Amino acid sequence: MSGKSIQSSIIYSFLKKIFSVTENPDKNLGDLKKVLIIRQHNQLGDMLTGVSLLRAIKETYPEVKIFIVVSPNNRAAVIKNKFVESYFVFDKRRTFTPFNLFKFIKYLRQEFDAVIVPVTVSVSFTSNLIARISNSKIRIGANSLDGKPNESAFFFDRRIDIDWRRHPDSNAADLILDIVRPFGIDTNDFSSEITCDVSDFKIANEYLKSINFKSASKLIGLHVGAGKPQNRWSLQKYVELISKLNENYNCCFYLTGWKYDSNELDYINQHSKVIINQFLHHSISEVAALISKSNLFITNDTGIMHVAGTTSTPQLSLFGPTNPFNWAPCGKNKIFLRKSDLIDDIEVHEVFDVCKILLENK
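The rules we used
Residues numbered from 1 in each chain as written. Predicted model: local features only at pLDDT ≥ 70, side-chain atom pairs only at ≥ 80, totals over all residues. Heavy atoms only, no water. Helix = DSSP H or I, 4+ residues; strand = E, 2+ residues; numbered from the N terminus. Rg over C-alpha atoms; globule rule 2.2 N^0.38 Å. Buried < 20%, exposed > 50% of the residue type's maximum accessible area, 1.4 Å probe, protein only. Contact = heavy atoms within 4.5 Å. Areas by Shrake-Rupley, 256 points an atom, 1.4 Å probe, with all protein chains shown as cover. Lys, Arg positive; Asp, Glu negative; His and termini not counted. Charge placed at Lys NZ, Arg CZ, Asp CG, Glu CD. Patch = residues over 30% accessible without salt bridge, like charges linked within 9 Å, V, L, I, M, F, W, Y side chains within 5 Å. Salt bridge = Lys/Arg side-chain N within 4 Å of Asp/Glu carboxyl O. Pairing = 2+ DSSP bridges. Axes fitted to C-alpha atoms, helices over the stretch in contact; angles between N-to-C directions. Core = buried A, V, L, I, M, F, W, Y, C linked by side-chain atoms within 4.5 Å. Parallel < 35°, antiparallel > 145°, perpendicular 65-115°, else oblique. Left-handed = near helix turned anticlockwise from the far one by under 90°. Nonpolar A, V, L, I, M, F, W, Y, C, P; charged D, E, K, R; others polar. Arc of directions from axis to C-beta. Phe/Tyr/Trp six-rings, centres within 6.5 Å; stacked < 30°, edge-to-face > 60°. Lys NZ or Arg CZ within 6 Å of the ring centre and 35° of its normal.

This part covers the overall build of the protein. When helices and strands are counted, the protein shows 13 helices and 13 strands. In terms of overall size, the protein behaves like a compact globule, its C-alpha atoms giving a radius of gyration of 22 Å where 362 residues would be expected to give roughly 21 Å. Residues classed as buried in the protein amount to 52% of the 362 residues present. In the protein, of all internal contacts separated by at least 6 residues, the share reaching a separation of at least 24 is 64%. As displayed, the protein has an accessible area near 17100 Å², and 51% of this comes from carbon and sulfur atoms. Charged side chains in the protein number 45 positive and 38 negative. The centres of these two groups are separated by 5 Å.

This is how it looks when you write it as structure tokens:
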């Protein structure tokens, strides 16, 4: 056994002795009024996909107030979420300063009826520990994931086996509910949610005015970047697609993105003969507001794909190595294309054909 494994075993043994709680098989949670959810390790897309969990809790317990611990990377998903009463940003680099640690402990030590640690593709020891420290009557977490035991399951009194292998092509918005389904908490609505307000739509309207958008045109948004290179469709193919759409429809195009998408944005603008506007460095609620006013949104498999998924706008999502049945947005007029693990195996004419169907409401 390696030194690291010995050290890890000692730590787990110590924590188990100090923090272990007795497992309780009771599936009756009582009348929940205040629930804490720990999702500090998930990305923006995971958070938006997991809105179904928040909805299920609210549908089952309409009077419940949901509190949530998030990371700096995913806080944008809950800032304007109608299901969330309050959130705390857990930043490992800053939380352990005396002042921030005090605020964090104070947040956790409120009286909660239950704390839940959802599980998707991995188990987070930190999330489990945070759940144990919280002042909660009931602690719900994973006993195992895909047959692998959760070594910190002793933090929970209600332990649930989570196994994606049973339904490998189910959407993550469905699978995340497995942590609470044994307790009668469920929903048939897997759609995501970003609550846009008046200020968001004001920004979107001002932008459309600034680019002289006319309602007779087809407003088409595109997101050509992605955090993972293997999730980026060919920029040249995007240029060809834009040209083909412009030849067949009266279009007004815009690109969404941030500073880390600058190389992709520059390429599109330099190689396209079509005028393409840019809507950059905006909050996700402002981006969602603009997308909601569009006729079509085309995107790679990335965070903005999930933002667009919260709107009713027709959407085409392009996939490579990721399983789209797990991660593509759910809903009417939400279509994905995937041919293989290589996203560039998708051809321009195939994307155009789907765009034509969506633009012509077929």
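From this point, the narrative continues.
In this section: a nonpolar patch on the surface. Taken together, the side chains of F96, L101 and I105 make up a nonpolar region of the molecular surface, amounting to roughly 260 Å² of accessible area. Secondary-structure assignment places I105 in helix α4 (residues 98–108). Assessed through its relative accessible area of 34%, I105 is described here as partly exposed.

In this section: the environment of A204. Within the secondary structure layout, A204 lies in helix α7 (residues 198–210). For A204, a relative accessible area of 0% translates into the label buried. Placed 85 residues apart in sequence, A204 and A289 show a C-alpha to C-alpha distance of 6.1 Å. When sequence neighbours within four positions are dropped, the list of residues in contact with A204 reads A289, L290 and K293.

Each strand in a sheet pairs with another by means of backbone hydrogen bonds, the pair being arranged parallel or else antiparallel. Strand order in this open sheet of 6 strands is β10-β9-β8-β11-β12-β13, and the pairing throughout is parallel. One side of each edge strand has no neighbouring strand; the edge strands of this open sheet are β10 (276–280) and β13 (334–337). Adjacent strand axes in the sheet meet at a mean angle of 20 degrees, parallel and antiparallel pairs treated alike. Pairing between strand β12 (residues 315–318) and β13: 4 bridges, direction parallel. Bridged to Q315 within β13 is K334. Across the sheet, α7 lies against β8 (218–223), β9 (251–257) and β10, angled at about 155 degrees from β10, the strand it touches most. Contacting β9 and β10, helix α9 (residues 262–271) crosses the sheet at an angle of about 165 degrees to β10.

Another point: the nonpolar core. I37 and V307 are the most contacted members of the largest nonpolar core, which has 62 residues in total. With sequence-adjacent residues up to four places away left out, I37 is seen in contact with L53, L54, I57, I66, F67, I68, V69, I116 and P118. Core analysis: the second largest hydrophobic core is formed by 32 residues, V224, I298, F352 and L359 among them.

Next up on the list: the packing of helix α8 (residues 235–248) against α9. Two numbers describe a pair of packed helices, the interaxial angle and the distance between the axes. α9 packs onto α8 with a crossing angle of 45 degrees between their chain directions and a minimal axis gap of 10 Å. Overall, the two elements α8 and α9 adopt an arrangement that is oblique. You can see that α8 and α9 cross each other, and the crossing is right-handed. On α9, the residues touching L235, Q236, Y238, V239 and I242 of α8 are E264, Y267, I268 and H271. Among the residues making up the contact of α8 with α9, the classes are represented as 6 nonpolar, 2 polar and 1 charged.

Here we take up α4. Those residues of α4 that fall on the buried side of the exposure criterion are F104, Y107 and L108. Considered in projection along α4, the buried side chains sweep an arc of 95 degrees and stay on one side of the axis. Opposite its buried face, α4 presents the exposed residues P98, F99, F102 and K106, each directed more than 90 degrees away. Looking at the packing, one finds that the buried side of α4 touches β1 (34–39), β2 (65–70), β3 (84–89), β4 (112–116) and α5 (125–133).

Let's shift gears to the side chain of S71. Structurally, S71 can be placed in the loop between β2 and β3. If we ignore the near neighbours within four places in the chain, the residues touching S71 are R39, Q40, N42, V89 and F90.

All chains considered together, the criterion is met by 15 aromatic pairs. Each residue in the set F67, F88, F90, F104, Y107 and F112 is aromatic and connected to the rest through ring pairs, giving one cluster. The ring of F112 is capped by K34, whose NZ or CZ atom sits 5.4 Å from the centre of that ring. The side chain of K244 reaches across the aromatic face of F352, ending 5.0 Å from its centre.

Its identity as a non-glycine residue notwithstanding, N212 has a phi of 60 degrees, on the positive side. Tracing the backbone shows N212 in the loop between α7 and β8. In this model, H281 sits at a positive phi of 60 degrees, which is unusual for a non-glycine residue. Residue placement: H281 occurs in the loop between β10 and α10 (284–292). For H281, a relative accessible area of 52% translates into the label exposed.

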